[in-house]
Structure formats: structure tokens, C-alpha cells
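Here is what each chain is made of, one letter per residue.
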Amino acid sequence: MNTRGDRAIDGLHMLPFRGLRYVPERVGSLAAVTSPPYDVVVRPDGLHHLESADPYNIVRLILPQAATATARHEQAAETLDRWLAEGVLAPDPEPALYVYEQRKGGILQRGIIGALALSSPEEGIVLPHEDVMPHVVADRTDLMRTTGANLEPLLFTYRSDGPANGASAVIDRVIQERPLLATTTEDGFSHRLWSVTDPVDLAEIATDLNRQQALIADGHHRWATYLRLRDERPEPGAWSYGLVLLIDTARYPLQVRAIHRLLNRLPVADALTALDGLFRIREIDGPLPDALRALAEATDEGNAYLLAGDGRFHLVDRPDAALLARTVPADRPDAWRRLDATVLHAALLDHIWRIPDSPEEITYIHDTEAAVVQAERRGGTAVLMHPVREDVVRDLARQGVTMPRKSTSFGPKPATGLVLRSLNVD
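Bear in mind that the values here come from a model prediction, so they are computed numbers and not experimental data. (Residues numbered from 1 in each chain as written. Predicted model: local features only at pLDDT ≥ 70, side-chain atom pairs only at ≥ 80, totals over all residues. Heavy atoms only, no water.)

**Notes on the pairing of strand E6 (residues 97–104)**
Working note: regular strand, side chains alternate between the two faces of the sheet.
Here comes step 1: The buried count for E6 comes to 6 of 8 residues, which makes it a mostly enclosed element.
Here comes step 2: Direction of pairing for E6 relative to strand E7 (residues 107–117): antiparallel, over a ladder of 7 bridges. Its bridge partner lying in E7, Tyr100 is registered against Gly111.
Here comes step 3: Hairpin connection from E6 to E7: 2 residues lie between these consecutive antiparallel strands, with Gly105 at a positive phi of about 55°. (Buried < 20%, exposed > 50% of the residue type's maximum accessible area, 1.4 Å probe, protein only. Helix = DSSP H or I, 4+ residues; strand = E, 2+ residues; numbered from the N terminus. Pairing = 2+ DSSP bridges.)

Written out as C-alpha cells, the structure reads:
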């Protein structure tokens, strides 16, 4: 059993909190003030679109615009304080856990939003599966420290035994009630939110989650931020917890997508020339969905990538065995050594193309079409990836093995702006 202070920790410990939420009468619509997570809003036109959707769009807090990092973070803090003072945002009257639902067509996801007790990877309670980029952690840390708020819920998963008991039973009961809010965002997802304040329900959730272990599905950099800020304040308190959405994937399986790489300064022709003789290279007819199907078929046989940026698609697969033997670290499990992201970074980026993993050289893009368009605009190379299965991710995480950064994109991701957590509200 692990301990922190005078509290025993067997598993997940989630506290109710007074959520900060938009006051509907003060904004154009709830849909107009929401945003995808900060790292999904990668294109300037996407940022400008969100900013123009409503003067109170949450993007002004998660991605403030100013000349310097310090100015950006101070601007976000001032904006948050002003919105609270003006009654645009207001805390709920009592602490609660929140049941959150997302639905679109055949996709249904339900989970619980709350303040989760922070734990290091060594404790084995929250399992990371990806490495992080120090400059991103530093930026998010400064933003969170300056605003004194958790602006976005991280996406975590756990797997129950399946039957509808514990937290699942509470969710099933709560969704029969009238929600606190309901809205549909422009991506077609409907969102509903309920509060859970009944002591019996909260106790049932707590007992269930205390037996569980969570996987970080989305939010590694923000979780690292939580831990860094907790270490700055070792005394127990609000900074010992972080805002997360917990999804039971035994009941609500997530989608797992790839995150693509945009090599800003490497033209496609140069990329292919360097790979000649080390990979099989074939030009694939489009459109993009057909090329992606060819990529999926190739990954059944081994490592494969789809390169784009010159108006065509190039399938790169069947890497030279000797190349892998001398470039991929041998001190990791076979499942890690076979990952497309592992081979991409160890063999292609580090050894063949010799591209440093810096923001100037590599942009990480979730949207496949956006990656291709940006590569064509910049004269660079989009490296399109095939997603990793969730069971592979979870198995590696349980072994304490992290995947290369930005290896997976779990979803659907929670909308940012429906509920925030202030670290200064009791």
C-alpha cells in the first residue's frame, strides 16, 4: 500500500470540486465558447476561427496570443480574473464530481470528471505511455502557475470488470436526470454534463475507483505539469490534485488514432532519396482515404509510413533488417522495438534524415488531411502513421515502458470549456 501524508492510496482517489462553468446568459452559446484541447488547435486559421466564434471562447485562456511567453500567460490570468469578476464564468455552489457524455452517430462516451490525486509513475496508479517534450511542459507549467487553474480535463482510461456497478452504476442513474448543460459543437458531437453531489453516490464512486489503475490516454504534458507544480508545493492541498476525465473503456471503448509528423524543412524528394535501398518505396494512387488503406495493409506485415507533400503519396515499408539492428535500442521489449513510432524516430529521424526533435523541425499534427496540406504549403514532408492498438499501449505502460512522444491520439477528447477547476476556489 502506498501512502501520501496520512492517507492510504490503493488506487485512484478523485475529489469533488466546485467547477467553474460559463454562465449561459453571458455567452452567445456554449458551443461557441468551447475548443478542442490546446495541442489539437495547431493551425493559425483554427485558432482565429475559435477566437472569432465568441469573445469569451476558452481558447483565449488555453492559447493566449502575445509577444512573449510571460505576456501570454499573464494575459490568460488577467482574462480569467476578468471573466470571473464579470460573471462570465462562475463556480458551482457546492463541490461535485461531474458525469460527462459525448455522442456522435455510433460513438458514445461517458465518464467522470473530478480532481484526481497526483501520483508519480513509480507508484503504479497512473500509467503514462509516452515521453514528453520539456519545452511544452515548461510552457504549460508557467500557464497553469500564472492562472492558478486547471483549464482542461485530461483524458484517462481504466478498465472495470464490466458489470454496471460502482462508478458505472452511478453514471447510469445520473444520466436519467436533467443535465446541467447540453450543447452540440460544430464537429457534430453532442455534449451533456451532470453534477454528482449525493454523499452515497460519491462514496460508491470512491470505493470503486480506489481499486482501479488509470492509463493516460491524452494529456501527458499536462500531467507532467501537474506533478511539477505539486513538487513546488509539497504541502497537501489543491495543487496535489489535477483535473481529469476518467473513462471506463470496458464499457466505452475509445478510438485510437495516430499522430502524424510534419518535417518542416525536408522536401519529399530528399526524404525519399535518403531512404533508397533501406526501405521499399512505392507511389500510391490517391485520394487520401485510399492511400491510408494501403498504409493499413502494409502495417500488417511490419513498419510502414505514408509520405506526402509533393502532391503524391509514397508508401515506405519493409525496412532493412540491418538498419533496424544498428539503430533501434535493444534494451526494450520487442513490442516497443517494433512500434512504427520507435522505428521512425530511431532509424529515420535520428539516423537517416538526422532531424532533431525540435518545434522548428517537426510539427505534430493529429488531423491527417491537415498534415498533408501543411506539408504541401511548406514544401516539407508529412509522415503519416497508422494507429497503435490500445492493448499494446496498456501492456507497455504496465511494464513501465514509455512510447516515443506523440505516438497515439485517443478520442473523442473532452471539449475544453465545459468545466474548469480553479485552484483558488474552496
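That shown, we press on.
**A look at the confidence of the model for the chain**
Here comes step 1: Of all residues in the chain, 95% have pLDDT values of 70 or greater, and the mean over the chain is 91.
Here comes step 2: Scored below 50 in pLDDT, residues 1–9 makes 19 contacts in the model with residues more than four places away or belonging to other chains. (pLDDT = per-residue confidence, 0-100. Contact = heavy atoms within 4.5 Å.)

**Observations concerning the pairing of strand E13 (residues 214–218)**
Here comes step 1: Buried residues dominate E13, accounting for 5 of its 5 residues.
Here comes step 2: In terms of strand pairing, strand E8 (residues 126–127) meets E13 through 2 bridges, oriented parallel. Paired with Leu127 across the two strands is Leu215, which belongs to E13.
Here comes step 3: Sheet topology note: the strand E10 (residues 154–158)/E13 ladder contains 3 bridges and is antiparallel. Across the sheet, residue Leu155 finds its bridge partner in E13, namely Asp218.

**A look at the packing of helix H6 (residues 167–174) against helix H7 (residues 199–209)**
Here comes step 1: The N-to-C vectors of H6 and H7 enclose an angle of 145°; their axes lie 8 Å apart at closest approach. Here Ala167, Ser168, Ala169, Val170 and Arg173 of H6 lie close against H7, whose contacting residues are Asp201, Glu204, Ile205 and Asp208.
Here comes step 2: Its residues placed into classes, the contact of H6 with H7 shows 4 nonpolar, 1 polar and 4 charged. (Axes fitted to C-alpha atoms, helices over the stretch in contact; angles between N-to-C directions. Nonpolar A, V, L, I, M, F, W, Y, C, P; charged D, E, K, R; others polar.)

**A closer look at the packing of aromatic side chains**
Working definition: an aromatic ring pair is given by the centre-to-centre distance plus the angle between the planes.
Here comes step 1: Applying the stated rule across the entire model yields 5 aromatic pairs.
Here comes step 2: An angle of 50° between the planes, with centres 6.2 Å apart, marks the rings of Tyr22 and Trp83 as tilted. Placement of Tyr22 in strand E4 (residues 20–22) and of Trp83 in helix H4 (residues 69–86) is noted, with a sequence separation of 61 residues between them. You'll find Tyr22 and Trp83 in the same group, each marked buried.
Here comes step 3: Three or more aromatic residues link up through ring pairs in this structure, and these residues are Tyr22, Tyr56 and Trp83.
Here comes step 4: Lying across the ring of Trp239, Arg233 places its NZ or CZ 3.9 Å from the centre.
Here comes step 5: Of note, Arg332 hangs over the ring of Trp336, and the distance from its end group to the ring centre comes to 4.5 Å. (Phe/Tyr/Trp six-rings, centres within 6.5 Å; stacked < 30°, edge-to-face > 60°. Lys NZ or Arg CZ within 6 Å of the ring centre and 35° of its normal.)

**Observations regarding the sheet that holds strand E18 (residues 304–308)**
Here comes step 1: Read from one edge of the open sheet, 6 strands run E17-E19-E18-E21-E16-E20, paired in antiparallel fashion. Strand pairing shows two members of the sheet lacking a second neighbour, strand E17 (280–284) and strand E20 (362–365), which therefore form its edges. Direction aside, neighbouring strands of the sheet carry axes that sit 25° apart on average.
Here comes step 2: Note: E18 against strand E21 (residues 381–384), 3 bridges, orientation antiparallel. The residue bridging Leu306 from the neighbouring strand is Leu384, located in E21.
Here comes step 3: Here helix H13 (residues 340–352) sits on the sheet and contacts strand E16 (260–263), E18, E20 and E21; the angle it forms with E18, its principal contact strand, is near 65°.

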